[in-house]
Each structure stands twice: as C-alpha cells, then as structure tokens.
Amino acid sequence: KWEGVAVLDTDLESNCAEVGAWLSSLGAGMVQYLSLFAQNALLTLDLISELNDTDVEEYIEVGMRITGHRILFRRGLKKLKADRKKDVTPMSARYPVCYV
C-alpha cells in the first residue's frame, strides 16, 4: 500500500497514514517523501514535531531536492510544532495538587 515503506503492523500502517496525510496537506508532491520519514523512523507526528534544525538539514532536507518542497516542509513543521505546543496541558491540570 505504501510504496517503499515496509508496513509491519496495523499501528505502523495507521501512523504511516497519519504522516502521509500530513505530508499531503503540505502541498502537491509532498507525500513522495513518506519513505524518507520511514527510513528515519519518523512515523508519528509527535516524533516529527521534535525535529531540530540539525535533524532537518542532515536527514530530511538532504532527501528533498526540490527547493519549494523544502520550504513547504519547513512551514509545515513550524505549524506542527506550534499546534503541538497549544495542545500541551499544564502538569497542574493533569495532576491536581491534593492537600491532606
């Protein structure tokens, strides 16, 4: 189903679908890089959102030969990171303080 990506189980296939859908949302032709993400074990949006500039330059952009695709990826990564920060629930909300 995912050309160039070894899918071993349904969770992995689901994650590939999530990453593939995200890549598609970035623009035309971006889904072709799904195998690049799989080769680097970046099969969830959580992992992708943790990429730093060095990771992007050395492992991702090296495989993206089209300048426009690199720009689209950088924009998408910036938005993904911003969206992930918004979704973070403060520790105090997850684990209310209990006084005895």
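Keep in mind it's a predicted model, so treat the numbers as computed, not measured.

A.B. asks: With reference to specific residues and values, describe the pattern of salt bridges.
C.D. replies: One pass over the structure, following the stated rule, counts 5 salt bridges. D46 is the salt-bridge partner of R84, the closest N and O atoms lying 3.4 Å from each other. Remark: D46 occurs in helix α3 (residues 45–49) and R84 occurs in helix α5 (residues 67–86); sequence separation between them is 38 residues. Under the relative-accessibility criterion, R84 is labelled partly exposed at 26%. Where D53 meets R74, a salt bridge forms, and the shortest distance between an N and an O atom there is 3.3 Å. Taken together, the positions of D53 in helix α4 (residues 53–60) and R74 in helix α5 put the pair 21 residues apart, joining distant regions of the chain. The network of salt bridges with common partners includes D53, E57, E61 and R74.

A.B. asks: Help me get a handle on the nonpolar core, residues and values and all.
C.D. replies: Residues F37, I48 and F73 are the most contacted members of the largest nonpolar core, which totals 19 residues. The set of elements that each furnish at least two residues to this core consists of α1 (10–26), α2 (34–39), α3, α4 and α5. No other element matches α1, which puts 4 residues into this core. Sequence-distant contacts of F73, defined by excluding residues within four places in its chain, comprise W22, L26, M30, F37, L51, V56, I60 and M64.

A.B. asks: Give a detailed account of the side chain of E61, specifying residues and quantitative values.
C.D. replies: The topology assignment puts E61 in the loop between α4 and α5. We classify E61 as buried; its relative accessible area is 16%. A polar contact of 2.7 Å, which involves the side chain of E61, links it to the side chain of R74. Here E61 is in contact with V56, R70 and R74, once residues within four sequence places are set aside.

A.B. asks: Mind laying out the packing of α4 against α5, listing which residues take part and the relevant values?
C.D. replies: Here α4 crosses α5 at 145°, and the two axes come no closer than 13 Å. Seen from above, α4 lies across α5 with right-handed handedness. For the pair α4 and α5, the contacting residues are D53, V56, E57 and I60 in the first and F73, R74 and L77 in the second. Along the lines of polarity and charge, the residues of the contact of α4 with α5 split into 4 nonpolar, no polar and 3 charged.

A.B. asks: Residues and numbers for unusual backbone geometry, please.
C.D. replies: Despite not being glycine, A41 has its phi angle at roughly 55°, a positive value. Assignment of secondary structure puts A41 in the loop between α2 and α3. For A41, a relative accessible area of 53% gives the class exposed.

A.B. asks: An account of the side chain of S49 is needed here, citing residue identities and associated values.
C.D. replies: Relative to the helices and strands, S49 is located in helix α3. According to the relative accessible area criterion, S49 is buried, its value standing at 14%. Excluding residues within four positions of it along the chain, S49 makes contact with L77, L80, K81 and R84.

Rules and cut-offs
Residues numbered from 1 in each chain as written. Predicted model: local features only at pLDDT ≥ 70, side-chain atom pairs only at ≥ 80, totals over all residues. Heavy atoms only, no water. Salt bridge = Lys/Arg side-chain N within 4 Å of Asp/Glu carboxyl O. Helix = DSSP H or I, 4+ residues; strand = E, 2+ residues; numbered from the N terminus. Buried < 20%, exposed > 50% of the residue type's maximum accessible area, 1.4 Å probe, protein only. Core = buried A, V, L, I, M, F, W, Y, C linked by side-chain atoms within 4.5 Å. Contact = heavy atoms within 4.5 Å. Polar contact = N/O pair within 3.5 Å; in protein donor to acceptor, adjacent residues only side chain to side chain. Axes fitted to C-alpha atoms, helices over the stretch in contact; angles between N-to-C directions. Left-handed = near helix turned anticlockwise from the far one by under 90°. Nonpolar A, V, L, I, M, F, W, Y, C, P; charged D, E, K, R; others polar.

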